[in-house]
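These are the residues of each chain, in order.
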Amino acid sequence: GAGVSQSPSNKVTEKGKDVELRCDPISGHTALYWYRQSLGQGLEFLIYFQGNSAPDKSGLPSDRFSAERTGGSVSTLTIQRTQQEDSAVYLCASSRLPVGSGANVLTFGAGSRLTVL
Amino acid sequence: GNSVTQMEGPVTLSEEAFLTINCTYTATGYPSLFWYVQYPGEGLQLLLKATKADDKGSNKGFEATYRKETTSFHLEKGSVQVSDSAVYFCAQKVSGGSYIPTFGRGTSLIVHP
């Protein structure tokens, strides 16, 4: 597609429920990133996918968080048993190649705003 | 470790004022440096970048110079417009190793007519 598409744009859920957030990256972009943007906290890295390699999950805050990327394209971030502190904007970004020497940059989606009541 | 520190916001200016948003970094290697901008309701987009010391990135009237001696990459604009109101993020990416860019907390800019 022309840009990175994320859905839903807004999600309100009750504490304890599971949620799924979807990211459709730019066609041909092999690298995909999930970040979390909390008020006053900046961008917190969650997980990184590159091609068929094992994802870098080092940023996931707990085992309630998981993500997958099917067919090297669409990615789904799943949060199980949501807590109020999970409320944030979840941003997805893609890149044609890993961000290496600086030649490649990230293209972000508009984000999915999650509110846990 | 690798980190980015930005000045706290919000920064509130009148139209045509001079803008500076400070950014400093710590890095275990030799990073590339970026400024991203997030307009209301939109995703982050690259504003400018610099990949080596003394490089100056520029775009849309904004400039930032990679200063290795002070580990800084301050964003400047000579005359801001209302349409520049947004959140600005400084970021770095160290060559080699992890392919995960590190972002600052963001600085909100509000420009009044």
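Now for the overall build of chain B. Along the backbone of chain B there are zero helices and 12 strands. Across chain B, helices and strands are ordered from the amino to the carboxyl terminus as β-β-β-β-β-β-β-β-β-β-β-β. The principal-axis extents of the C-alpha atoms in chain B amount to approximately 45 × 30 × 20 Å. A buried classification covers 44% of the 113 residues belonging to chain B. A fraction of 56% describes how many contacts in chain B between residues 6 or more apart in sequence connect residues 24 or more apart. In the structure as shown, chain B presents an accessible area of about 5200 Å², 49% of it carried by carbon and sulfur atoms.

Once that is clear, we can look at the state of the cysteines. Among covalent bonds in proteins, the disulfide is the one between the sulfur atoms of two cysteines. The tally for this structure, following the rule as stated, stands at two disulfides over all chains. Each disulfide pairs two cysteine sulfurs, and for Cys23 of chain A the partner residue is Cys92 of chain A, the sulfurs being separated by 1.9 Å. Measuring handedness by torsion sign, the sulfur bridge of Cys23 of chain A and Cys92 of chain A sits at about -65 degrees and is left-handed. With a gap of 69 residues between them, Cys23 of chain A in strand S3 (residues 19–24) and Cys92 of chain A in strand S8 (residues 88–95) connect regions that are remote in the sequence. Assigned by exposure class, Cys23 of chain A and Cys92 of chain A land together as buried. Covalent S-S linkage joins Cys23 of chain B and Cys90 of chain B, the inter-sulfur distance amounting to 2.0 Å. Taking the torsion about the S-S bond as the criterion, the Cys23 of chain B to Cys90 of chain B disulfide, at about -70 degrees, is left-handed. Residue Cys23 of chain B is found in strand S4 (residues 23–26), and its partner Cys90 of chain B is found in strand S10 (residues 86–94); the two are separated by 67 residues along the sequence.

So, about the sheet that holds strand S7 (residues 75–79) of chain A. Pairing between sheet strands relies on hydrogen bonds along the backbone, with the strands arranged either parallel or antiparallel. All names here are of chain A. Ordered by their spatial adjacency, four strands build an open sheet running S1-S3-S7-S6, and the pairing between neighbours is antiparallel. Only two strands of the sheet have a single neighbouring strand rather than two, namely strand S1 (5–7) and strand S6 (65–69). When the angles between neighbouring strand axes are averaged without regard to direction, this sheet yields 15 degrees. In this structure, S3 lies alongside S7, joined through five bridges in antiparallel fashion. Each residue of the ladder has a partner; that of Arg22, found in S7, is Thr76.

The subject of this paragraph is the packing of aromatic side chains. With the rule as written, the count across this model stands at 12 aromatic pairs over all chains. Measuring from centroid to centroid gives 5.8 Å for Phe108 of chain A and Phe103 of chain B, while their planes differ by 80 degrees, and the two rings are edge-to-face. Linking Phe108 of chain A in strand S9 (residues 107–108) with Phe103 of chain B in strand S11 (residues 102–103), this pair reaches from one chain into another. Geometrically, the ring pair formed by Tyr25 of chain B and Tyr66 of chain B is edge-to-face, given 6.1 Å between the ring centres and 75 degrees between the ring planes.

Quick look at the environment of Val116 of chain A now. Residues and elements named next belong to chain A. Along the polypeptide, Val116 turns up in strand S10 (residues 112–116). Residue Val116 is classed as buried on the basis of its relative accessible area, which comes to 6%. C-alpha of Val116 to C-alpha of Val19: the two residues are 97 residues apart in sequence and 10.0 Å apart in space. Those residues in contact with Val116, other than ones at most four positions away along the chain, are Thr13, Glu14, Lys15, Thr82, Gln83, Gln84, Asp86 and Ser87.

Before going further, it helps to examine the sheet that holds strand S9 (residues 75–77) of chain B. Residue and element names in this part refer to chain B. Taken in spatial order, the four strands of this open sheet run S3-S9-S8-S7, and their pairing is antiparallel. Here the strands that pair on one side only, and so sit at the sheet edges, are strand S3 (19–21) and strand S7 (56–59). In this sheet, adjacent strand axes meet at a mean angle of 20 degrees when their direction is disregarded. In terms of strand pairing, S7 meets strand S8 (residues 62–65) through four bridges, oriented antiparallel. If you follow Lys56 over to S8, its bridge partner there is Thr65.

Looking now at the pairing of S3 of chain A. Residues and elements named next belong to chain A. Alternating positions in S3 separate cleanly, Val19, Leu21 and Cys23 being buried on one face and Glu20, Arg22 and Asp24 remaining unburied on the opposite face. Across three bridges, S1 lies against S3 in antiparallel orientation. Counted as the bridge partner of Ser7 is Arg22 from S3.

Calculation rules
- Residues numbered from 1 in each chain as written.
- Chains lettered and ligands numbered in written order.
- Predicted model: local features only at pLDDT ≥ 70, side-chain atom pairs only at ≥ 80, totals over all residues.
- Heavy atoms only, no water.
- Helix = DSSP H or I, 4+ residues; strand = E, 2+ residues; numbered from the N terminus.
- Buried < 20%, exposed > 50% of the residue type's maximum accessible area, 1.4 Å probe, protein only.
- Contact = heavy atoms within 4.5 Å.
- Areas by Shrake-Rupley, 256 points an atom, 1.4 Å probe, with all protein chains shown as cover.
- Disulfide = S-S within 2.5 Å.
- Pairing = 2+ DSSP bridges.
- Axes fitted to C-alpha atoms, helices over the stretch in contact; angles between N-to-C directions.
- Phe/Tyr/Trp six-rings, centres within 6.5 Å; stacked < 30°, edge-to-face > 60°.

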